[in-house]
Amino acid sequence: MFNAASVSSSSFSSLSSFSFGDSPLPLSGYGWTAELAEQFAPLAEAGLVPARIVRVDRGQCDAVLADPETGEPRTVRLDTRPVGDADMINCPCTGDWAAVDLYAQPMAAVVALLPRSTAIIRKVAGKRSDGQVLAANVDTVLIAASLAADPDLGRIERFLALAWESGAEPLVVLTKADLVDDAEFIRADVEAIAPGVTVLVVSAETDEGMDVLRACTPGTTAVIGQSGVGKSTLTNALAGVEAMAVQEARSVDQKGRHTTTTRELVLLPGGGVLIDTPGLREVGLYGGEGVDLAFADIAELAEDCRFHDCGHHTEPGCAVQAALADGTLPQRRMDSYLKLQRENEWIASRSDARVAKARLNKWKAITKSMRAAGGPVKR
Ligand SMILES: Nc1nc2c(ncn2[C@@H]2O[C@H](COP(=O)(O)OP(=O)(O)OP(=O)(O)O)[C@@H](O)[C@H]2O)c(=O)[nH]1
Ligand SMILES: [Mg+2]
Ligand SMILES: [Zn+2]
């Protein structure tokens, strides 16, 4: 662990002469770029150093930064409390780029986060409408589903909407190919519900398809999916080390045991990093365009509807209804689309309500303080 207090101030004087614009960038293996360095420049001038968060715990995190003495990446423990009381969406998350104050007391601390290029955000479980960030600054969202069970197409569609919404590129990986004979059929079924998305068949057990997968994961990849589908096994296979604990062999129907409990970023030997995540039971959508991107086939059909604002119900000349009637668009997929769309509308209405309420509270606070000060209250 890095202990800021034990490092003499002279060793940090080299920081000012440490240019991230130079090549090679010390954290480039973790995704640091010249653009990020440019964005970070004012913070560097203020004496802060950049670090990538690899794991978050309560009030603290592990992050990788360039050792001020050697320039080599090293993992340090940081206090996240200075930024921790932000709302759930803005609090530090695995994959975030942080600005670190190495001299903070009682320990080195994250004092700011760089704006995220992408973020996987789901609605938290239950009736609340808050969002939770699963991973930040991700280039590829790897959706893992097991071939050992019947593919749950609706769930994969939901994951795809979540992935598209993040701004990253989705990739579907069907795992445990060694356990089935008809992987190709299942792959075709999944491909049909994932327009524009690559669907791979792999086995971490036999190494089938793993080379292709390796080639598909440059930059930052986040693995999401249900518990037990083999996310951590894939992570270990790609990382080439036992970075993550995997589930002990168990019967397939034994539910409710999650092996991975934290989101963790690991370095891949061929370049890039991978974020393993705990199994997702509830995957609520948090609004946005993700659904339309995941159902691009329906959007494309809708372009041929006679009416521009067709609701695809009983309108004459509806191309979507025609596709449902002739079977080119399965009713199951249409129902799935409508369900996710309704969910998004609910979230949107809740978010608007939340924003309106926040505004109202702010107004109340202002008028209250003005009254207290005896000033005029304008309406
Ligand atoms: N036969 C076979 N078993 C696999 C394969 N990949 C994973 N498994 C097994 O599937 C089980 C679950 O694997 P994990 O990697 O722990 O699953 P996970 O998705 O990380 O699960 P959570 O951390 O709970 O979300 C383990 O017993 C693995 O050994 C595979 O390619 N073939
Ligand atoms: Mg796991
Ligand atoms: Zn229509």
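Everything that follows concerns the structure shown earlier in this document.
Being a predicted model, the structure only gives us computed values, none of them experimental.

Looking at the coordination of the zinc ion (ligand 3)
Protein coordination at the zinc ion (ligand 3) comes from Cys305 (SG), Cys310 (SG), His312 (ND1) and Cys318 (SG), with a distance range of 2.1 to 2.4 Å. In this structure, the zinc ion (ligand 3) is coordinated by four donor atoms arranged in tetrahedral fashion, with angles at the metal of 105 to 114°. Mapping the donors of the zinc ion (ligand 3) onto the primary sequence gives the spacing C-x4-C-x1-H-x5-C. Like Cys318, Cys310 is buried.

A look at the coordination of the magnesium ion (ligand 2)
At 2.0 to 2.1 Å from the magnesium ion (ligand 2) lie its protein donor atoms, namely Ser232 (OG) and Thr260 (OG1). Linking Ser232 in helix H7 (residues 231–239) with Thr260 in the loop between H7 and strand S12 (264–267), this pair joins segments that are 28 residues apart in sequence. Comparing Ser232 with Thr260, the two get one shared label, buried.

Considerations on the pairing of strand S8 (residues 140–146)
Remark: a regular strand shows side chains that alternate across the two faces of the sheet. Summarising burial for S8: seven of the seven residues are buried, a large majority. Burial along S8 is two-sided: the face carrying Thr140, Leu142, Ala144 and Ser146 and the face carrying Val141, Ile143 and Ala145 are both buried. Sheet topology places S8 next to strand S9 (residues 169–175); seven bridges connect them, and they run parallel. Note on S9: the bridge partner recorded for Leu142 is Leu171. For the crossover from S8 across helix H4 (residues 153–166) to S9, the handedness is right-handed. Pairing of S8 with strand S11 (residues 220–224), which is carried by four bridges, proceeds in the parallel orientation. The residue bridging Leu142 from the neighbouring strand is Val223, located in S11.

Concerning the pairing of strand S2 (residues 60–66)
Among the seven residues in S2, six count as buried, and that is most of the element. Where strand S1 (residues 49–56) hands over to S2, the hairpin turn is made up of three residues, of which Gly59 adopts a positive phi near 80°. Pairing between S2 and strand S3 (residues 73–79): seven bridges, direction antiparallel. Residue pairing for S3: Asp62 is matched across the bridge by Arg77. Hairpin geometry of S2 and S3 is characterised by an intervening segment of six residues between the two adjacent antiparallel strands and by a positive phi of about 80° at Gly71.

What to know about the pattern of salt bridges
Counted by the stated rule, this structure contains 15 salt bridges. The partner of Arg55 in a salt bridge is Asp57, and the shortest N-O contact between them spans 3.6 Å. Owing to a relative accessible area of 23%, Asp57 belongs among the partly exposed residues under this scheme. A salt bridge links Arg116 to Asp96; the shortest N-O distance between them is 2.8 Å. In this pair, Arg116 is assigned in the loop between strand S5 (109–113) and strand S6 (119–123) and Asp96 in the loop between helix H3 (81–84) and strand S4 (97–101), connecting sequence segments 20 residues apart. By relative accessible area, Arg116 is classed as partly exposed at 23%. For Asp96, a relative accessible area of 0% puts it in the buried group.

A closer look at helix H2 (residues 34–45)
One full turn of an α-helix is made of 3.6 residues, so residues set three or four places apart face in the same direction. Between its first and last C-alpha atoms H2 spans 16 Å; for 12 residues at 1.5 Å apiece the expected length is 16 Å, and the two agree. Buried within H2 we find Leu36, Ala37 and Phe40. Down the axis of H2, the buried side of the element spans an arc of 85°, and every buried residue falls inside it. For H2, exposure combined with an orientation more than 90 degrees from the buried face picks out Glu35, Glu38, Pro42 and Glu45. For H2, the secondary structure elements touched by its buried residues are S1 and S4.

As for the packing of aromatic side chains
In total, this model carries three aromatic pairs according to the counting rule given. Taken together through their ring pairs, the aromatic side chains of Trp32, Phe40 and Trp97 make up a single cluster.

A few points about the sheet that holds S8
Here we have six strands laid out as an open sheet, ordered S10-S9-S8-S11-S13-S12, and mixed in their pairing. Across the chains shown, the open sheet's two edge strands, defined by having one partner strand only, are strand S10 (199–201) and S12. Here the average twist between neighbouring strands, direction ignored, is 25°. Of the pairings in the sheet, the one linking S11 to strand S13 (residues 273–276) comprises four bridges and is parallel in character.

So, the nonpolar core
Trp32, Ile120, Leu160, Val172 and Leu174 are the most contacted members of the largest nonpolar core, which has 66 residues in total. Per-element accounting of this core gives the leading share, eight residues, to H4. Residue contributions to this core reach at least three from each of two domains, namely domain 1 (4–113) and domain 2 (119–276). Listed in part, the 16 residues of the second largest apolar core include Met210, Leu234, Val266 and Leu274.

Quick notes on H7
Burial within H7 is extensive, with seven of its nine residues counted as buried. All of the buried residues in H7 are Lys231, Ser232, Leu234, Thr235, Asn236, Leu238 and Ala239. Of the surrounding elements, those touching the buried residues of H7 are S8, S9, helix H6 (210–215), S11, S12 and S13. At the exit of H7 stands Gly240, carrying a positive phi of roughly 75°.

Details of unusual backbone geometry
Omega for the bond connecting Gln105 with Pro106 falls within 30 degrees of zero, at 5°, which places this linkage in the cis form. Considering the arrangement of structural elements, one finds Pro106 in the loop between S4 and S5. In the Ramachandran plot, Lys176 falls in the positive-phi region, its phi being about 60° despite a non-glycine side chain. Within the fold, Lys176 resides in the loop between S9 and helix H5 (183–192). Even without a glycine there, the phi angle at His312 is positive, about 55°. Summarising the element assignment, His312 is placed in the loop between helix H9 (296–302) and helix H10 (319–325).

Scoring rules and cut-offs
Residues numbered from 1 in each chain as written. Chains lettered and ligands numbered in written order. Predicted model: local features only at pLDDT ≥ 70, side-chain atom pairs only at ≥ 80, totals over all residues. Heavy atoms only, no water. Donors = N, O, S within 2.8 Å, 3.2 Å for Na, K, Ca; no water. Tetrahedral: all angles 85-135°; square planar, octahedral: opposite > 155°, others 65-115°. Buried < 20%, exposed > 50% of the residue type's maximum accessible area, 1.4 Å probe, protein only. Helix = DSSP H or I, 4+ residues; strand = E, 2+ residues; numbered from the N terminus. Pairing = 2+ DSSP bridges. Right-handed = clockwise from strand over helix to strand, strands pointing away. Salt bridge = Lys/Arg side-chain N within 4 Å of Asp/Glu carboxyl O. Expected span 1.5 Å × (residues − 1). Arc of directions from axis to C-beta. Contact = heavy atoms within 4.5 Å. Phe/Tyr/Trp six-rings, centres within 6.5 Å; stacked < 30°, edge-to-face > 60°. Axes fitted to C-alpha atoms, helices over the stretch in contact; angles between N-to-C directions. Core = buried A, V, L, I, M, F, W, Y, C linked by side-chain atoms within 4.5 Å. Domains from an automatic or database assignment.

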